[in-house]
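# Coordinates in review
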Amino acid sequence: MPFMTNRRRFIQLLGASAAVTGLPGRAFAANSLTMQAAWINDAEFAGYFVAIDAGFYQAEGLNLNYLSGGPDVIPESSIIAGKADLALTSPDTTIKIIAEQGAPFKIIGAQYQKNPVGIVSLARAPINSPEELKGKTLAVPPVNVISVQAMLAINGINKSDVNIIPYAYDPTPLIKGEIDASLDFVTNVPYTIEQAGEEAASFLLYDFGYKTYNDAVVVSEEVLKGKRGELVAWLKASRKGWHTNFADTAVYPPKFKNTWFSGTGRTIENEIYFNGAQRPLMEHSDGVFAMDEEGINANLESLARIGIKGSRDIFDTTLLEEVEA
Amino acid sequence: MIRVRDHTATLGLVLGLLLLWEVAGQLRWVADGTLPPLSGIFTRLVSEWREYSPHVIATLRSASLGFVFGNVVAVLAAVCFCLWPLTERLFRGINIAAFTVPPIAVAPVLVIALDGDVARITLAALLVYFPTMTAALAGMQSADPGAIDLIRAYGGTDFKLMRHLRLRNALPFIMSGFQVAAPAAVLGAILAEFGSGARWGLGTFLLGSLGRAEPDRLWGIGLTATAIAGLGYALSAILAARMTDTNRAVNVSVAAPAAEAATDSQWKRAMALAAAILLPFLIWQLLLWWAELSPIIAKTPLGVVDYLLTGKTAASAQERLFAALAETIPITIFGMLVGLGVAFGLALLSFTSPIVTRALLPFALVTQTMPLVALTPLAVLVFGRGVTVTLVITISVTFFAAFVVLVQGFALIPRAAFDLVSVYGASTTKKLNLIAIPASRQWIFVAARLALPKALLGVMIAEWLATGKGLGNLLNQSRGYLDYGMIWTVAIVSILLSILLYQLAGLAEWWLSRRPADGSKSWN
């Protein structure tokens, strides 16, 4: 059956352009690395765009393939399906799938030391603590429901006391008063709310005991073994990209107007706001992506509160050590 | 001259409704400005066209490729089914699955198993297959028996018959199948853009724009998607009209199971049925084996049984699944019944005042061609996130097909029946009561069978994007947790649910047909 051996080629032919980038065969080619981002192209990934445009990856001998994410892209799926070598993920879902389904994943770095997800409400009806969520309607992206449930549990609040509805990343219902609060990146949505003539109030889940990273850098054990050099190069170049971007948070977003940020439906002013707001959440004395023992323990303890039993060996800090060396 | 005056009145009503929209938008009547004025939507659309164009091109590309592939497969399948009726019986399970499967249930698996473009084209093609296949098959089978006998008498083989008669006869039917298939292709392409992380496409653009709190942008994208689907519909309608004398501007075909050959033994029929049921599972298993997916993603039929019934996940999976079903099933049935009621009311209205119906038709057509995923955020803007929005979406996706079937049914009532009661001085209402309503009963069931899978899809999309309840939400949440066992389970259960409801409608029809009401079929 000749078509059996050629089935990947068959798919490639069908898919013409896009097919070429994402196949497992390609992802494992020498010195190339495919990364799956966690969201559509916005300031959350500015550091990578800087590094790509400035040739930092090439300087490390790396040919980087960048896949955008989006509200319905589950980054871990891309690794499982062999479409990407590395993904930026929310650590709660990653550790949940490692613990419950035995997925062979390792976390080799963390983009956000403090998870930027928080509860956003309007300043004229502010919700400033988990306690104040009781009896309120809160919009949460289905993927993040476990994070909210963890935060509620940590603060001794019954999850049935909060009316959780799906959040479609549209702040309109909040601005119109249809819902009381939503879960979103506090680095982003307050700007949209201000644009609509309102003022936002917010608090981070992190500040109320749910101390997790976000945009954890996740790889499969297979990639970790086979492409260790590439991964170290990726960490090095990406860190350089982020540090360059943070030198002045207003410089890069306008440069990406017609490239990375074109067609996303968002404004450049929004990205500049985002870029500035995320800096304090990412900085670490050991550099971007650092994972110290205290942070790792906080992640594991937070997740243990909702029954996700992770362990220290999910985090592999040895690549970061090579970057520093 | 009556025709011209009629058209003027229709046009006047359409313009009046559009004007009402404009005024309602300007004065912010609906939900504090979430329904923007038409002029505002179009000004915005034109000024942002440069931003739109790459997205429009991407969606057009995958939708039209899917349209082409789906139709090629559909016509080839119809040829096979016509030449070798046994294949039709073997593939009945596959065909019913293709008709009833809610595309949002298969989208997550397609997106992960195939690469971006291929997933979008495949989903579009999958949604295109059934309407074209049934239309083509019906066309081939309805070839003039006299002509068939003639060709046979001159020694024509089945293939000759197919080439010279059946295919030609089927052309207008295929074109009318395209009318249903074209909007379906656009829906498929956009649905598979969700979740694929594609840079370009109207679905991607819609998701990016959701966070901006700008209703005019959302309406602009929704109307653009509708325009693409509507364009495909219109092109097919024009082609269909040119190929037939009678204008089949709107034609919905329903696959009625062909009567089995009377000569077949019970045993032979049972074998064919068993094969039809087993074949989908066999193909499912083969496709997974072919795609070489990680076992975390790929669940075989036995894997799903293990997940739901026998494995250690069973208790938790059943609990979540039944809770979701308890939320989804009642509203699906209720929404479908209300949708049928609306269709029935409109069909009766078309009897008494055709002008009103003609004025409403363009708007009804919009709800039919507007991709559901683009419709849902707009419906949320206007109706909120309660039960209402689910009902509104379900009704708007079910009533149109039902309406068309009912109107076609009414049109088949012989004029003589009406003339007879007219002679006795019956009013329009009397005519409805005596003739039209009893006669429509059989068509109601045809409409119900058509509407059911759409109702389930409408409810699941509303649950997924708006209300956070039921099967739609379970599917979405399972994706987030990479719980692929549940994703496969929901896909299979929603297909089985559709088939079950479909069979129930058939059972109800059969039961009612045994007890004819007074006056029905009195002209036969």
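## Focus on the side chain of K106 of chain A
Residues and elements named next belong to chain A. Positionally, K106 belongs in strand β4 (residues 105–112). You can call K106 buried: its relative accessible area is 17%. For K106, the side chain forms a polar contact with the main-chain oxygen of D313, separated by 2.9 Å. Look past the residues within four positions of K106 in its chain and what remains in contact with it is V217, V218, V219, E221, L224, D313 and I314.

## A look at a nonpolar patch on the surface
Residues and elements named next belong to chain B. On the surface, a cluster of nonpolar side chains totalling about 770 Å² of accessible area is made up of L13, L17, L19, L20, V23, L27, W29, V356 and L360. Elements that contribute at least two residues to the nonpolar patch include exactly α1 (2–26) and α15 (354–369). Sort the elements by how many residues they give to the nonpolar patch and α1 lands first, with 5 residues. Tracing the backbone through its elements, the reader meets L20 in helix α1. Among the residues examined, L20 registers a relative accessible area of 48% and is labelled partly exposed.

## Brief notes about the domain arrangement of chain B
Residue and element names in this part refer to chain B. Under the domain assignment used here, chain B contains domain 1 (26–251) and domain 2 (299–514). Contact residues are listed per partner, giving 36 residues for domain 1 and 35 residues for domain 2. Of the roughly 3,100 Å² buried where domain 1 meets domain 2, counting both sides, 85% is carbon and sulfur surface. Considering only the side of domain 1, the residues that lose the most area to domain 2 are F99, T100 and I104, jointly responsible for 18% of the buried surface there. At the junction of domain 1 and domain 2, the tally comes to 0 salt bridges. Joining domain 1 to domain 2, the criterion identifies 0 residue pairs in polar contact (both at pLDDT 80 or more). Put simply, the parts of the chain that give the side of domain 1 that touches domain 2 at least two residues each are α5 (92–100), α6 (103–113), α9 (158–193), α10 (202–210) and α11 (215–243).

## Some points on the domain arrangement of chain A
All names here are of chain A. On domain assignment, one finds that chain A holds domain 1 (18–114 + 212–324) and domain 2 (117–208). For domain 1 and domain 2, the distance between their C-alpha centroids amounts to 25 Å. Per-residue buried area on domain 1 facing domain 2 is highest for Y273, R305 and I306; these three make up 28% of the total on that side. Put simply, domain 1 and domain 2 have 0 salt bridges between them.

## Examining the sheet that holds strand β6 (residues 137–140) of chain A
Residues and elements named next belong to chain A. Read from one edge to the other, the open sheet built from 5 strands follows the order β7-β6-β8-β5-β9, with strand pairing classed as mixed. Each edge of the sheet is formed by a strand with only one pairing partner; in this case those strands are β7 (163–166) and β9 (200–204). Strand-to-strand twist across the sheet, computed as the mean angle between neighbouring axes with direction ignored, equals 35°. Taken strand by strand, helix α8 (residues 145–154) contacts β5 (117–122), β6, β7, β8 (181–185) and β9, and its axis lies near 135° from that of β6.

## Thoughts on the pairing of strand β3 (residues 86–89) of chain A
All names here are of chain A. Covered by surrounding structure in β3 are L86 and L88 together with A87 and T89, the residues of both alternating faces. Across 2 bridges, the pairing between strand β1 (residues 32–36) and β3 is parallel. Paired with M35 across the two strands is L86, which belongs to β3. In the sheet, β3 pairs with strand β10 (residues 214–220) via 4 bridges, with the strands oriented antiparallel. Bridging across to β10, T89 finds its partner in A216.

## Observations regarding the packing of helix α14 (residues 314–352) of chain B against helix α17 (residues 387–411) of chain B
All names here are of chain B. Taken N-terminus to C-terminus, the directions of α14 and α17 make an angle of 45°; their axes are 6 Å apart at the nearest point. Overall, the two elements α14 and α17 adopt an arrangement that is oblique. Crossing of α14 over α17 shows right-handed handedness. A breakdown of the residues in the contact of α14 with α17 according to their chemical character gives 21 nonpolar, 6 polar and no charged.

Rules behind the numbers
Residues numbered from 1 in each chain as written. Chains lettered and ligands numbered in written order. Predicted model: local features only at pLDDT ≥ 70, side-chain atom pairs only at ≥ 80, totals over all residues. Heavy atoms only, no water. Helix = DSSP H or I, 4+ residues; strand = E, 2+ residues; numbered from the N terminus. Buried < 20%, exposed > 50% of the residue type's maximum accessible area, 1.4 Å probe, protein only. Polar contact = N/O pair within 3.5 Å; in protein donor to acceptor, adjacent residues only side chain to side chain. Contact = heavy atoms within 4.5 Å. Patch = residues over 30% accessible without salt bridge, like charges linked within 9 Å, V, L, I, M, F, W, Y side chains within 5 Å. Areas by Shrake-Rupley, 256 points an atom, 1.4 Å probe, with all protein chains shown as cover. Salt bridge = Lys/Arg side-chain N within 4 Å of Asp/Glu carboxyl O. Domains from an automatic or database assignment. Buried area = accessible area lost by both parts, 1.4 Å probe. Pairing = 2+ DSSP bridges. Axes fitted to C-alpha atoms, helices over the stretch in contact; angles between N-to-C directions. Parallel < 35°, antiparallel > 145°, perpendicular 65-115°, else oblique. Left-handed = near helix turned anticlockwise from the far one by under 90°. Nonpolar A, V, L, I, M, F, W, Y, C, P; charged D, E, K, R; others polar.

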